[in-house]
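# Results of the structural survey
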Amino acid sequence: MERYLVVIDMQKDFIDGALGSEMAQAIVPAVVKKIKEYKPERVYATRDTHFENYLETLEGKKLPVIHCIKGSEGWQIHPEVKAAMPEAKIFDKYTFGSEELAKELYQRSLRGEMEIELAGLCTDICVVSNALLLRAKLPGTVIRIDPKCCAGVTEETHKAALETMRMCQIDILTGDGSTSEEEGATETMPVEEKK
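Here the structure is a predicted model, which is why all the values come from computation and not from measurement. (Residues numbered from 1 in each chain as written. Predicted model: local features only at pLDDT ≥ 70, side-chain atom pairs only at ≥ 80, totals over all residues. Heavy atoms only, no water.)

When you go through the protein residue by residue, the secondary structure sums to seven helices and six strands. The order of α-helices and β-strands along the protein, N terminus first, is β-α-α-β-α-α-β-α-β-α-β-α-β. Looking at the protein as a whole, 48% of its 195 residues qualify as buried. Counted over contacts in the protein with a minimum sequence separation of 6, partners at least 24 positions apart contribute 73%. Summed over all atoms, the accessible surface of the protein reaches about 10,200 Å², with 54% contributed by carbon and sulfur. (Helix = DSSP H or I, 4+ residues; strand = E, 2+ residues; numbered from the N terminus. Buried < 20%, exposed > 50% of the residue type's maximum accessible area, 1.4 Å probe, protein only. Contact = heavy atoms within 4.5 Å. Areas by Shrake-Rupley, 256 points an atom, 1.4 Å probe, with all protein chains shown as cover.)

As structure tokens, then:
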């Protein structure tokens with residue numbers, strides 16, 4: 001079985017730039033460690049990409065903070081993360097999810113069974129968007145999230161996104177490396193049958 005890691009938007013603007021946070025800075029070492037657990041050719045990454053007209057876009061109107069302008073310092077992958085994944089295929093994406101990434105991993109899935117793990121920023125925006133795109137494109141593939149390798153806009157929205165992904169049959173790793181499903185935390189019976 002082939003195992004793939006997708007590193008979502010570990011860019012300077014999301015870590016210590018325009019939209020950076022202490023939570024995002026705190027996950028950098030864990031993400032670097034996670035990358036080293038994978039074969040270099042099986043690491044993919046996304047890069048949030050905007051242009052000078054960002055504030056005129058729908059996203060720019062709803063989040064009026066200029067960030068990840070193509071070619072800018074903030075658009076770059078964080079140096080420690082970039083150094084850990086020199087062979088990664090990077091997908092520039094112009095919205096929250098990357099359809100190109102989903103298509104690429106779908107093509108890989110045609111060669112045999114695979115598992116995908118996601119890490120990065122922000123859990124509640126781009127990580128969840130990519131996880132759900134992958135779930136839709138690869139309904140029979142195991143997809144995992146390591147919460148220690150993700151950070152949200154807030155702790156509350158991080159947890160809410162993890163719960164949303166869990167409900168969509170994306171495995172959420174626990175502290176010991178097992179999934180919440182392995183611990184029996186997932187109720188698989190439909191609500192109407194619980195009575």
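Let us look at the sheet that holds strand E4 (residues 114-121). Pairing between the strands of a sheet is mediated by backbone hydrogen bonds and can be parallel or antiparallel. Read across the sheet, six strands follow the order E3-E2-E1-E4-E5-E6 without closing on themselves; strand pairing throughout is parallel. The two strands at the open ends of the sheet, each matched to only one other strand, are strand E3 (89-93) and strand E6 (171-172). Most of the contacts of helix H6 (residues 123-137) go to E4, to which it runs at about 165°, and overall it touches strand E1 (2-8), E3, E4 and strand E5 (142-151). (Pairing = 2+ DSSP bridges. Axes fitted to C-alpha atoms, helices over the stretch in contact; angles between N-to-C directions.)

Time to look at the pattern of salt bridges. All told, the structure shown has 13 salt bridges when counted by the stated rule. Taking the shortest distance from any N to any O, the salt bridge between Glu37 and Lys34 comes out at 3.8 Å. You can call Glu37 partly exposed: its relative accessible area is 44%. Using a relative accessible area of 8% as the deciding quantity, one classes Lys34 as buried. For Asp92, the salt bridge identified is with Arg47, shortest N-O distance 2.6 Å. (Salt bridge = Lys/Arg side-chain N within 4 Å of Asp/Glu carboxyl O.)

Turning next to helix H2 (residues 22-35). Taking 1.5 Å per residue as the helical rise, H2 with its 14 residues ought to reach 20 Å, and the 21 Å between its terminal C-alpha atoms agrees with that figure. At Val28, H2 is deflected by roughly 35°, the largest bend along its length, and proline Pro29 occurs up to four residues later in sequence. Within H2 the residues assigned to the buried category are Ala24, Ile27, Val28, Val31, Val32, Lys34 and Ile35. Residues of H2 that are buried in the fold lie against E1, helix H1 (12-15), strand E2 (43-48), helix H4 (79-84), E4 and E5. (Expected span 1.5 Å × (residues − 1). Bend = angle between axes of the 7 residues up to and from the residue.)

What follows is about the side chain of Thr123. Looking at where Thr123 falls in the secondary structure, it is placed in helix H6. You can call Thr123 buried: its relative accessible area is 0%. A polar side-chain atom of Thr123 sits 3.4 Å from the main-chain amide nitrogen of Gly152. Apart from the residues within four sequence positions on either side, Thr123 is in contact with Val128, Cys150, Ala151, Gly152, His158, Ala161, Leu162 and Met165. (Polar contact = N/O pair within 3.5 Å; in protein donor to acceptor, adjacent residues only side chain to side chain.)

What follows deals with the packing of aromatic side chains. Going through the model one piece at a time under the given rule, you end up with three aromatic pairs. Note on Tyr4 and Tyr44: the rings are 5.9 Å apart at their centroids and 40° apart in plane angle, and the pair reads as tilted. Of this pair, Tyr4 sits in strand E1 while Tyr44 is found in strand E2, placing the two residues 40 residues apart along the sequence. When sorted by exposure, Tyr4 lands in the same class as Tyr44, which is buried. (Phe/Tyr/Trp six-rings, centres within 6.5 Å; stacked < 30°, edge-to-face > 60°.)

Among the secondary structure elements, Ile90 is positioned in strand E3. Measuring from C-alpha to C-alpha, the distance between Ile90 and Leu101 comes to 8.9 Å, with eleven residues separating the pair along the chain. Discounting chain neighbours no more than four positions away, the residues touching Ile90 are Ala45, Arg47 and Ile77.

This part takes up the nonpolar core. Judged by nonpolar contacts, the single largest core of 26 residues is most densely connected at Val7, Met10, Ile35, Val43, Val81, Met85 and Leu121. Put simply, the parts of the chain that give this core at least two residues each are E1, H1, H2, E2, H4, E4 and E5. Of the residues forming this core, the biggest block, six residues, is contributed by H2. Contact partners of Val7, with chain neighbours within four places excluded, come to Val31, Ile35, Val43, Tyr44, Ala45, Thr46, Val81, Met85 and Ala119. Residues Leu101, Met114, Leu118 and Ile170 belong to the second largest nonpolar core, which totals 25 residues. (Core = buried A, V, L, I, M, F, W, Y, C linked by side-chain atoms within 4.5 Å.)

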